[in-house]
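Structural features, examined
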Amino acid sequence: MSAGATQAEAAVLDAAAATLTAAGVDSRHRLCCALSGGVDSVVLLDVLHALRARFGYTLEMVHVHHGLSPAADEWMDLCIGLCGEYALHLQVFRVEVPRDHPGGLEEAARIARHAALSRVDCDWLVFGHHRDDQAETVLFRLLRGTGVRGAAAMAAIEPADGLGRTGRLRPLLEIGREEILAYAREKNLEWMDDASNDDQNFARNDLRHRILPAIETRFPAARRTLARAATHLREAAELLDELAQIDVTAAVLEYEDTEKDGHRVLHRAYLYSLSPARLSNLLRWEIKRIGARPPTSARLAEAVRQLRTVSGPLRLPLGDCVCYSRQGCVWLVLKRRD
C-alpha cells in the first residue's frame with residue numbers, strides 16, 4: 001500500500017503499477033491516455049500522473065470529440081481544464097460518425113474513435129477499461145457467438161503488433177467500477193456522467209443495467225467470474241496462436257521463391273494434412289498477420305472445405321482478404337480498402 005493512501009486509493013494505484021511494471025514501462029516510453037471526461041478515464045489520468053515519478057515515462061492525453069451528444073463541447077472543455085490542472089498536453093480529435101453504419105451508432109463511434117487514436121504518436125495508448133467493462137464485453141461477445149479469441153475480450157497489456165498498431169495498456173482492468181468510484185470520491189476528482197449510458201436501447205447498456213443485475217441475483221460474483229473467465233480464454237487463445245505459428249513454420253515452402261508478389265506461400269499438401277479445426281486456426285492466424293479482419297465462420301468453413309477437397313486452382317474470398325491456391329501453393333492477399 002502506498003504511504004498515506006487510503007485503502008481504495010492504494011488498491012487502484014497498486015493494480016495500475018503492477019500492469020505498468022509487467023509491460024516494462026520506464027523512462028524511455030511515451031504514454032498517451034485516452035481521456036473522455038468520464039469517471040474511469042479521469043481516475044486513470046490521476047493514477048498515471050501519480051505514478052509518473054516512479055516510472056519516469058512521458059505522459060500526454062488525447063480526447064476524441066464525436067459530436068454525438070449535445071454536451072460534447074462540455075466534455076471537451078472538461079478535459080481541457082483537467083489537463084491544464086495537471087500541466088499535461090492534450091490532443092483533441094474531432095471525428096464524423098456516420099449515422100447509417102450497418103453495425104449501429106455504437107459500432108460507428110468505436111470505429112471512428114479508434115481510427116483517430118491510431119494517429120497518435122506514442123509507445124503505449126492507455127485506456128480506462130475496468131473489470132466490469134471486461135465482464136460486459138465477455139458476455140456481449142458470447143451472446144453474439146464469438147470464438148475463443150473474441151471471448152478473451154480485453155488484455156491489460158497488448159504490445160505493438162508490428163503492423164503499425166501501437167501498444168495498448170489497461171491498468172485498471174483488475175479494478176471494479178465501485179472501487180474506481182470510491183477512488184474518485186476520495187480524491188475529490190471532477191468528471192461528467194454520460195446520459196447515453198442509461199439508454200437501454202443500446203445492447204451494452206441493457207446488459208449493464210438489466211441483464212447482468214438479473215444474473216447477479218443468482219450468481220452474485222458474476223462480473224468478477226466473467227472477467228476471470230476472460231483470463232482463461234486468453235490463455236487458450238495464446239496456445240492457439242502458438243499452434244498456428246508451429247503450423248505456419250511447417251507449411252512455408254522451402255525453396256528459393258517463398259513469396260508470390262510479396263505474399264507468404266504455404267505448402268498445400270501440408271495444409272491438407274491438418275484437421276479442419278487446425279487448418280481454420282492457421283488461416284485465422286494468417287488473416288490476422290496480414291492485417292485483415294476475420295471472416296465469418298461460414299465463409300472460413302467453406303474455404304477450409306474447398307482447400308481440403310478441390311484439387312484445382314482456387315480463389316476464395318475471406319472478408320478483407322482473398323485466399324489463392326495454385327500449383328500446390330496457398331497464399332493470402334489483403335484487399336485494397338478505399
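Attention here is on the structure that accompanies the text. Just so you know, these numbers come straight off a predicted model, no measurement behind them.

A few words on the sheet that holds strand β3 (residues 90-94). Judged by pairing direction, the sheet is mixed, and its six strands sit side by side in the order β3-β2-β1-β4-β6-β5 without closing on themselves. Each edge of the sheet is formed by a strand with only one pairing partner; in this case those strands are β3 and β5 (157-158). Its contacts with the sheet put helix α2 (residues 39-55) on β1 (30-34), β2 (58-65) and β4 (124-126), and the angle it makes with β1 is roughly 160°. Packed onto the sheet, helix α3 (residues 72-85) meets β2 and β3 and runs at close to 170° relative to β2.

A complete count under the given rule lists zero disulfides for this structure. Here Cys 32 stays free of any disulfide, with the sulfur of Cys 122 as its closest cysteine sulfur at 5.1 Å. Classification of Cys 32 by relative accessible area gives buried; the value is 1%. Cysteine Cys 83 shares no disulfide, and the gap to the nearest cysteine sulfur, in Cys 79, comes to 6.6 Å. You can call Cys 83 buried: its relative accessible area is 2%.

When the terminal C-alpha atoms of helix α12 (residues 297-309) are compared, their 18 Å separation across 13 residues agrees well with the 18 Å that a helix rising 1.5 Å per residue should span. Buried within α12 we find Leu 300, Ala 303, Val 304, Gln 306 and Leu 307. Each buried residue of α12 lies within a common arc of 165° when the element is viewed along its axis, so the set occupies one face. Seen from the open side of α12, the exposed residues pointing more than 90 degrees away from its buried face are Ser 297, Ala 298 and Thr 309. Of the surrounding elements, those touching the buried residues of α12 are α10 (268-273), α11 (276-289), β10 (314-318), β11 (321-326) and β12 (329-334).

Parameters and conventions
Residues numbered from 1 in each chain as written. Predicted model: local features only at pLDDT ≥ 70, side-chain atom pairs only at ≥ 80, totals over all residues. Heavy atoms only, no water. Pairing = 2+ DSSP bridges. Helix = DSSP H or I, 4+ residues; strand = E, 2+ residues; numbered from the N terminus. Contact = heavy atoms within 4.5 Å. Axes fitted to C-alpha atoms, helices over the stretch in contact; angles between N-to-C directions. Disulfide = S-S within 2.5 Å. Buried < 20%, exposed > 50% of the residue type's maximum accessible area, 1.4 Å probe, protein only. Expected span 1.5 Å × (residues − 1). Arc of directions from axis to C-beta.

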